[in-house]
Amino acid sequence: MPDDLMEGGMAKGLEALSFDNSYARLPEHWYQRIDIKPLKGAHLASFNPPVAAMLGLDPCELDPNRLVSQINGDVSVPGADPIAMKYTGHQFGFYNPDLGDGRGLLLGEVINDKRERWDIHLKGIGRTAYSRFGDGRAVLRSSIREYLASEAMAGLGIPTTRALCLVASDQFTQRNGMEPCAVLARVTPCHIRFGHFEYFFYSRRYDELKQLADYTIDRYYPECRKADNPYLAFYQAVQSRTASLVALWQCYGFVHGVLNTDNMSVLGETFDYGPYTFMDRYEPGFVANKNDDEGRYAFDRQPEIVLWNMSALAQALVPLVPQKELEQSLVGFMKEFRDQEALRMRARLGFQREEKGDRELVDAFFRIARECQLDINRFLYALTEANDFNGLDLASLCGRCDTDGSLSEWLGHYRERLAREAASDPIRRAQMRSVNPRYVLRNYMAEEVIREAHNGDYKPLNNLLALLRTPAEKNEQLDHYAGTPPDWAGAICLTCSS
Ligand code: AMP
Ligand code: MG
């Protein structure tokens, strides 16, 4: 692209952003300064206009070819300072000191017109100092899955990382057979994981632990500075956000799949998507990751596992906060989780005010959901739209028949409870629609668009992304996604490489 065209404001790339790379100004041994190893045949598979707008990029002024060559490392990005971050963490309960960005890098941090800061992270850029046995690559299949899930989460109002674009390639690597490689440009305010703190704690570098805590507080939790112990306040704030996050997962039947402490963001966002699943049938013991033999990360274990992860973060902060105070905070975690779960479930059920028996009604709902193998998301959508609950097609919503009539009985109690709500039906319905979308991302949908992408057609992917960004709006072309998942959906097998 000739320079005069660029200056004329015509065709820009990421250099149009204002970079301020604060993490790269921290001590040199906290990361590895590194270049991207370009993929062959890189091309744009998807671009995300709402995220571009978040960053302050005008999609109309963007040159897609320039964007691809920057994401692919064919040319450098003026203002960026790419680094692979060092962190450690607990994987499946065991401490691993050798982690870090093994296939990703923080391209840089940008500040938009609203003075908001965003990290741009590229996942799949080749080997780094922390790659261990890995090839440093991400395959198209897993990059699409992360991209879809992050848009779906954002559409549901669940905190998550996002993505600016997906670059696909003609280069292959070994996973489930040979698969094409890709790079996903992940965007979030924060790439600091619980494992960043564990790194300094377990290497007994407490001064640097404090430096990281100060950096994190100043950048993400400035309000904690006013507290008697800012580090305790920081911990409590992370705890609250994290309890709220896992509560939302439980309300939507979302299974993360790999809840290691290096996959936990200190911002309380859903982070590092792998073999995740929004369950088609409510099954508390569901394990999304076929490599998770012990079922450590089963759906119903997520709250206690996240609590375990919070205790790992607490351990790492012991040099900065009296242990007793951290423990005291942890004691409150389950209550915070339960309160947040109740709050969202009341909203999903259309209750505007809290009543005494609501907890029991919600608990009964989940118990019956398990017994009937209910598709909770389609069921709650059906409740939102139904005029007369007698007309609900329960057979299409349940995997197992409501043989003892407990679901019908529950609906009776629910109807009585709704009758005590002050809001009129249209108001209640509008409120319920905001939390009970018509479309929820299912593994089979991801499989379908991945299959097309492997054939070089990214249109189905981009159509599905658009659907998931506004999941309450009816989409005539893709409305089959509101229906029952196909029979083959139950046979989808996900692993760590997903
Ligand atoms: P994950 O399971 O994606 O959370 O990754 C766990 C750790 O393995 C992180 O340190 C990653 O950077 C690293 N890792 C995962 N896949 C690869 C790969 N293909 N090449 C190099 N490192 C990887
Ligand atoms: Mg990870």
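In the block above lies the structure referred to throughout.
Residues numbered from 1 in each chain as written. Chains lettered and ligands numbered in written order. Predicted model: local features only at pLDDT ≥ 70, side-chain atom pairs only at ≥ 80, totals over all residues. Heavy atoms only, no water.

## What about the packing of aromatic side chains?
So, point 1. Counting across every chain of the model gives 27 aromatic pairs.
So, point 2. When the ring of F197 is compared with that of F234, the centres are 5.6 Å apart and the planes differ by 35 degrees; the resulting orientation is tilted. Note that F197 is positioned in helix α5 (residues 194-202) and F234 in helix α7 (residues 230-251), a separation of 37 residues in sequence. F234 matches F197 in its accessibility class, with the two residues each being buried. (Phe/Tyr/Trp six-rings, centres within 6.5 Å; stacked < 30°, edge-to-face > 60°. Helix = DSSP H or I, 4+ residues; strand = E, 2+ residues; numbered from the N terminus. Buried < 20%, exposed > 50% of the residue type's maximum accessible area, 1.4 Å probe, protein only.)

## Examining the site of ligand 1
So, point 1. Contacts to ligand 1 come from 17 residues, most closely from G100, G102, R132, D135 and G136.
So, point 2. A distance of 2.7 Å separates an oxygen atom of ligand 1 from a polar backbone atom of G102.
So, point 3. At a separation of 2.9 Å, an oxygen atom of ligand 1 approaches a polar side-chain atom of R132.
So, point 4. Within the complex, the protein chains bury 82% of what would otherwise be the 470 Å² of accessible surface of ligand 1.
So, point 5. Given that more than half its atoms are within 2 Å of the pocket grid, ligand 1 belongs to the largest pocket.
So, point 6. Partitioned by chemical class, the residues of the shell around ligand 1 number 2 nonpolar, 7 polar and 8 charged. (Near = heavy atom within 4 Å. Polar contact = N/O pair within 3.5 Å; in protein donor to acceptor, adjacent residues only side chain to side chain. Areas by Shrake-Rupley, 256 points an atom, 1.4 Å probe, with all protein chains shown as cover. 1 Å grid on protein atoms, 1.4 Å probe; cavity = no way out; pocket = protein on both sides within 12 Å on 5 of 7 lines; lining within 4 Å. Sits in = over half its atoms within 2 Å of the grid points. Nonpolar A, V, L, I, M, F, W, Y, C, P; charged D, E, K, R; others polar.)

## What to know about the pattern of salt bridges
So, point 1. Going through the model one piece at a time under the given rule, you end up with 41 salt bridges.
So, point 2. Across the salt bridge formed by D214 and R225, the nearest N and O atoms sit 3.0 Å from each other. Residue D214 is found in helix α6 (residues 206-220), and its partner R225 is found in the loop between α6 and α7; the two are separated by 11 residues along the sequence.
So, point 3. Of the residues examined, R225 reaches a relative accessible area of 35% and is grouped as partly exposed.
So, point 4. In this structure, E355 engages R420 in a salt bridge whose closest nitrogen and oxygen atoms are separated by 2.8 Å. Highlighted residues: E355 in the loop between α10 (333-349) and α11 (358-372) and R420 in the loop between α14 (406-419) and α15 (425-433), separated in sequence by 65 residues.
So, point 5. Owing to a relative accessible area of 44%, R420 belongs among the partly exposed residues under this scheme.
So, point 6. Taken together, the salt bridges that share partners define one network made up of D20, R25, E109, R117, D119 and R219. (Salt bridge = Lys/Arg side-chain N within 4 Å of Asp/Glu carboxyl O.)

## Side note on the coordination of the magnesium ion (ligand 2)
So, point 1. Looking at the magnesium ion (ligand 2), the protein donor atoms are N263 (OD1) and D272 (OD), and they sit 2.0 to 2.1 Å from it. Neither residue differs from the other here; N263 and D272 are each classed as buried. (Donors = N, O, S within 2.8 Å, 3.2 Å for Na, K, Ca; no water.)

## A short note on the pairing of strand β10 (residues 162-175)
Regular strands place their side chains on alternate faces of the sheet.
So, point 1. The buried count for β10 comes to 10 of 14 residues, which makes it a mostly enclosed element.
So, point 2. Bridging between β10 and strand β11 (residues 177-188) involves 10 bridges; their strand directions are antiparallel. Bridged to A168 within β11 is A182.
So, point 3. Counted along the chain from β10 to the antiparallel partner β11, the turn is 1 residue long. (Pairing = 2+ DSSP bridges.)

## Concerning the layout of surface pockets
So, point 1. When its volume is computed, the largest pocket comes out at roughly 940 Å³.
So, point 2. Contributing to the lining of the largest pocket are 40 residues, with R103, K123, R132, D272 and C496 lying nearest its centre.
So, point 3. Elements that contribute at least two residues to the lining of the largest pocket include exactly β8 (117-123), β9 (138-139), α4 (140-156) and β11.
So, point 4. Element by element, the count of residues in the lining of the largest pocket is highest for α4, at 3 residues.
So, point 5. Residue composition of the lining of the largest pocket, grouped by class: 12 nonpolar, 15 polar and 13 charged.
So, point 6. Empty space within the second largest pocket amounts to approximately 360 Å³. (Points joined across faces, edges and corners; volume = space filled by probe spheres on them.)

## Here's the deal with helix α3 (residues 64-71)
So, point 1. Of all 8 residues making up α3, 6 are buried, and the element is well covered by its neighbours.
So, point 2. Regarding α3, its N-cap is D63, as a side-chain oxygen of that residue lies 3.0 Å from the backbone nitrogen of N65 further along.
So, point 3. Directly after α3, the chain includes G73, whose backbone phi takes a positive value near 80 degrees.

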